[in-house]
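Next come the chains, spelled out residue by residue.
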Amino acid sequence: MAMLEVEELTMRFGGLKALDGLSFAVEEGRIVGLIGPNGAGKTTVFNLISRFYQPVGGRISFQGKDLLRLKPHQVLQLGIARTFQNLGLFPYMTVLDNLLVGRHIHFRTSSWALALGLGQREERAFRAEAEQLLERLGLAPLKGAVVGFLPYGTQKFIELARALMARAKLLLLDEPVAGMNAAETQMMGQFIKRVRDEYGLTVLLVEHDMSLVMGICERVVVLDFGRKIAEGTPEEVQHNPAVIEAYLGEEVEVA
Ligand SMILES: Nc1ncnc2c1ncn2[C@@H]1O[C@H](COP(=O)(O)OP(=O)(O)O)[C@@H](O)[C@H]1O
Ligand SMILES: [Mg+2]
């Protein structure tokens, strides 16, 4: 059984069929790319997995559990964290505090425990863990910086770090290198691979930048108009005529 299984997923916005019977699976430990031209339905897939949207049909299961029966916070608690196409950080908060927010979804301290001061201990432990994580990722010098003042590319790294604080098993990354230059893109690619290896994660990556997709994905699913038009290794999809056709007229960044 794959870690994430999407079957016959269909989503409509008014008269528009954003997804049309989409099926794919993500094996544990893989980095899987979900690509396709603008408007293909990629972000919609993420919004359905995160339970922000209710599909008109289909199934999504994670480690055998039916996600469509769960609420968004329960999906997070199962270990599915995401980053957003347009950053989802709190711009007026520090880097460290943004990371702590990532953890609070698991904050189990009851009001009883809080009254006894146990919450503080938990809070200190989180803080230490967040600092350790920043250290490990080379972001420690930024821990007190207000996020909104940092360069866009740096914020993308911090958003990923926050997802790690949420104890994710499956990371959903929506265009993590959008707006980045070639050097930053390469750094982000290495960063994603490294966290996958070190934290034993599984990654589903939506991306427009082909150099990143071809560089780090082990499998690629290609969408066009809400349907899967190809699936395979990066090599295979790159040479697939249906894929080339779908991207015609799109500005594609190639390595
Ligand atoms: N909340 C929404 N309301 C109406 N239409 C939407 C909404 N979200 C996405 N769409 C439409 O669904 C299609 C797929 O969008 P999206 O999943 O964002 O594409 P992608 O991320 O692949 O660029 C597009 O035509 C888009 O305009
Ligand atoms: Mg999108």
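Residues numbered from 1 in each chain as written. Chains lettered and ligands numbered in written order. Predicted model: local features only at pLDDT ≥ 70, side-chain atom pairs only at ≥ 80, totals over all residues. Heavy atoms only, no water.

**What to know about the overall build of the protein chain**
Then, in step 1: What the protein chain contains, in helices and strands, is 10 helices and 10 strands.
Then, in step 2: In terms of overall dimensions, the protein chain is globule-like: its C-alpha atoms have a radius of gyration of 19 Å, near the 18 Å expected for 255 residues.
Then, in step 3: For the protein chain, the spread of C-alpha atoms along the three principal axes comes to 60 × 40 × 35 Å.
Then, in step 4: Sorting the 255 residues of the protein chain into buried and exposed places 49% on the buried side.
Then, in step 5: Within the protein chain, residue pairs in contact and separated by at least 24 positions form 67% of the contacts whose partners lie at least 6 positions apart.
Then, in step 6: Carbon together with sulfur atoms contributes 53% to the accessible area of the protein chain, which is approximately 12,300 Å² in total.
Then, in step 7: Between the mean site of the 27 positive side-chain charges and the mean site of the 30 negative ones, the protein chain shows a separation of 9 Å. (Helix = DSSP H or I, 4+ residues; strand = E, 2+ residues; numbered from the N terminus. Rg over C-alpha atoms; globule rule 2.2 N^0.38 Å. Buried < 20%, exposed > 50% of the residue type's maximum accessible area, 1.4 Å probe, protein only. Contact = heavy atoms within 4.5 Å. Areas by Shrake-Rupley, 256 points an atom, 1.4 Å probe, with all protein chains shown as cover. Lys, Arg positive; Asp, Glu negative; His and termini not counted. Charge placed at Lys NZ, Arg CZ, Asp CG, Glu CD.)

**Comments concerning the pattern of salt bridges**
Then, in step 1: Scanning the model with the defined rule gives 12 salt bridges in all.
Then, in step 2: Arg-194 is the salt-bridge partner of Glu-198, the closest N and O atoms lying 3.1 Å from each other. Placement of the pair is Glu-198 and Arg-194 together in helix H7 (residues 182-199), with a separation of four residues, close to one helical turn.
Then, in step 3: Exposure remark for Glu-198: the relative accessible area of 38% places this residue in the partly exposed category.
Then, in step 4: Between Arg-219 and Glu-231 there is a salt bridge; the shortest N-O distance is 3.5 Å. With Arg-219 in strand E9 (residues 219-224) and Glu-231 in strand E10 (residues 227-232), this pair connects stretches of sequence that are 12 residues apart. (Salt bridge = Lys/Arg side-chain N within 4 Å of Asp/Glu carboxyl O.)

**Quick word on the site of ligand 1**
Then, in step 1: All residues adjacent to ligand 1 are Phe-13, Leu-16, Ala-18, Pro-37, Asn-38, Gly-39, Ala-40, Gly-41, Lys-42, Thr-43, Thr-44 and Tyr-53.
Then, in step 2: One of the backbone nitrogen or oxygen atoms of Ala-40 is found 3.2 Å away from an oxygen atom of ligand 1.
Then, in step 3: In the environment of ligand 1, an oxygen atom lies 2.8 Å from a nitrogen or oxygen atom belonging to the side chain of Lys-42.
Then, in step 4: Put simply, the parts of the chain that give the shell around ligand 1 at least two residues each are strand E2 (16-26) and helix H1 (42-49).
Then, in step 5: The greatest single-element share of the shell around ligand 1, amounting to three residues, is contributed by H1. (Near = heavy atom within 4 Å. Polar contact = N/O pair within 3.5 Å; in protein donor to acceptor, adjacent residues only side chain to side chain.)

**Digging into the domain arrangement of the protein chain**
Then, in step 1: The assigned domain composition of the protein chain is domain 1 (1-79 + 168-255) and domain 2 (90-167).
Then, in step 2: With centres defined by C-alpha atoms, the gap from domain 1 to domain 2 works out at 26 Å.
Then, in step 3: Between domain 1 and domain 2, the contact holds 23 residues from the first and 14 residues from the second.
Then, in step 4: Summed over both sides, the interface between domain 1 and domain 2 buries roughly 1,600 Å², with carbon and sulfur atoms accounting for 68% of that surface.
Then, in step 5: The three residues of domain 1 that bury the most area against domain 2 are Ala-168, Phe-191 and Tyr-199, which together make up 33% of that side's buried surface.
Then, in step 6: The interface formed by domain 1 and domain 2 holds one salt bridge in total.
Then, in step 7: Here Glu-198 makes a salt bridge to Arg-136, at a shortest N to O gap of 3.3 Å.
Then, in step 8: Summed over the shared surface of domain 1 and domain 2, the number is five residue pairs in polar contact (both at pLDDT 80 or more).
Then, in step 9: Among the secondary structure elements, those contributing two or more residues to the side of domain 1 that touches domain 2 are helix H2 (72-78), strand E7 (170-174) and H7. (Domains from an automatic or database assignment. Buried area = accessible area lost by both parts, 1.4 Å probe.)

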